[in-house]
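So you can see what is in the structure, the chains are spelled out below.
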Amino acid sequence: MTYPGITLALSKGRIFDETVPLLAAAGISPAESPESSRKLIIGTNRADVRLIIVRASDVPTYVQYGAADLGIAGKDVLNEHGGAGLYQPLDLQIARCRMMVAVREGYDYAGQVKQGARIRVATKYVNAAREHFAGKGVHIDLIKLYGSMELAPLVGLSDVIVDLVSTGGTLKANGLVAVEHISDISSRLVVNQAALKLKCDLIQPVINAFSTAVEREAGYQDQGQAAR
Ligand code: PRT
Ligand code: MG
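Read on for an overview of the structure. What you see is a predicted model, and the numbers here were worked out from it, not measured in a lab. (Residues numbered from 1 in each chain as written. Chains lettered and ligands numbered in written order. Predicted model: local features only at pLDDT ≥ 70, side-chain atom pairs only at ≥ 80, totals over all residues. Heavy atoms only, no water.)

### A few points about the site of ligand 1
Here is step 1 of the chain: Near ligand 1 there are 21 residues, and of these Arg-55, Asp-76, Thr-167, Gly-168 and Thr-170 occur at the shortest range.
Here is step 2 of the chain: The side chain of Asp-76 places a nitrogen or oxygen atom 2.7 Å from an oxygen atom of ligand 1.
Here is step 3 of the chain: Secondary structure elements with two or more residues in the shell around ligand 1: helix 1 (14-25), helix 3 (75-81), strand 9 (160-165) and helix 6 (169-173).
Here is step 4 of the chain: Partitioning the shell around ligand 1 into residue classes produces eight nonpolar, six polar and seven charged. (Near = heavy atom within 4 Å. Polar contact = N/O pair within 3.5 Å; in protein donor to acceptor, adjacent residues only side chain to side chain. Helix = DSSP H or I, 4+ residues; strand = E, 2+ residues; numbered from the N terminus. Nonpolar A, V, L, I, M, F, W, Y, C, P; charged D, E, K, R; others polar.)

### What to know about the sheet that holds strand 2 (residues 41-43)
Here is step 1 of the chain: Taken together, six strands build an open sheet; the order of strands is 2-3-1-4-11-5 and the sheet is mixed. Looking at strand neighbours, the two that pair on one side only are strand 2 and strand 5 (86-91), the edges of this open sheet. In this sheet, neighbouring strand axes are inclined to one another by 30° on average, regardless of whether the strands run parallel or antiparallel.
Here is step 2 of the chain: Inspection of the sheet shows strand 4 (residues 70-74) paired to strand 11 (residues 187-192) by five bridges, in the antiparallel sense. What sits directly across from Gly-71, in strand 11, is Val-190. (Pairing = 2+ DSSP bridges. Axes fitted to C-alpha atoms, helices over the stretch in contact; angles between N-to-C directions.)

### Details of the pairing of strand 11
Here is step 1 of the chain: Taking burial as the measure, the six residues of strand 11 include six buried ones, the bulk of the element.
Here is step 2 of the chain: Both strand 5 and strand 11 contribute to a ladder of four bridges, which runs antiparallel. What sits directly across from Leu-90, in strand 11, is Leu-189. (Buried < 20%, exposed > 50% of the residue type's maximum accessible area, 1.4 Å probe, protein only.)

### Remarks on helix 1
Here is step 1 of the chain: Residues Ile-15, Phe-16, Thr-19, Leu-22 and Leu-23 constitute the buried set of helix 1. What you see down the axis of helix 1 is that its buried residues fit within an arc of 115°, all on one side. When the buried face of helix 1 is taken as reference, the exposed residues oriented beyond 90 degrees from it are Arg-14, Pro-21 and Ala-24.
Here is step 2 of the chain: For helix 1, the elements touching its buried residues are strand 1 (6-10), strand 3 (49-53), strand 4, strand 11 and helix 8 (200-227).
Here is step 3 of the chain: Backbone geometry just downstream of helix 1 places Gly-27 in the positive-phi region, at approximately 75°. (Arc of directions from axis to C-beta. Contact = heavy atoms within 4.5 Å.)

### Structural notes on the pattern of salt bridges
Here is step 1 of the chain: By the definition in use, this model includes seven salt bridges.
Here is step 2 of the chain: Note that Asp-69 and Lys-199 form a salt bridge whose closest N and O atoms lie 3.1 Å from each other. Residue Asp-69 is found in the loop between helix 2 (59-64) and strand 4, and its partner Lys-199 is found in the loop between helix 7 (193-198) and helix 8; the two are separated by 130 residues along the sequence. Each member of the pair, Asp-69 together with Lys-199, is buried.
Here is step 3 of the chain: One salt bridge connects Arg-118 with Asp-141, and the closest N-O pair in it is separated by 3.0 Å. Of this pair, Arg-118 sits in the loop between helix 4 (109-115) and strand 7 (119-123) while Asp-141 sits in strand 8 (residues 140-144), and the two are 23 residues apart along the sequence. (Salt bridge = Lys/Arg side-chain N within 4 Å of Asp/Glu carboxyl O.)

Shown next, in the form of structure tokens:
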């Protein structure tokens, strides 16, 4: 039952895809892709490292309870989870996007907010939304959704949404516009604190390799900017 090596929790899609190069820097390559395989436990080229594939918002939970030793999760997810029991040693700078407030084109957001009216906010990110509007002194009715937030203002479920934006294509396709930037989001490495002590000889080299890879990538980006 107890696995002697280390278990890393990942979600499939953008986080898995952007983690593969970091794993390669640590000498780890997944035996299969979660897109083509239905397996939830994926082996690697190393007998002492395995991956588990979970929903993005479940990653902190697996690591918190020690079912995974390490995980990779967006700052958005960690903010909603609360981060209890998790050591967060690294900002991996992957799966980057922005947490934004968006409304239907033509909606007078500035006017509504100034009036001090109660606005209805639909979002999956209730902690982030509550903090943001509390900071502005705006009263809100929070409507918790689990996805497709863009629909809510279109069908009269809410006045505004709080959602993640990367290209802006989804907002545009649905006649919505971003009106406020709440925060920049990227993914973090999270580590179970007990596992870090017990399996330090296995976990620390992975943290170090990821850290070096992130610094190298940042260096490339600086060079790219300098050349421009
Ligand atoms: O899909 P599922 O319900 O399982 O969970 P999830 O949506 O949280 O997971 P996933 O795998 O889609 O995203 C994992 C992490 O990637 C998130 O927790 C974020 O930290 C990060 N990330 C980066 C994003 C985006 N970019 C992003 N664009 N997560 C979601 N989106 C969505 C956004 O919610 C919106 O619906 O993409 C749409 C907007 O994209 P653009 O390019 O049209 O602006
Ligand atoms: Mg998604």
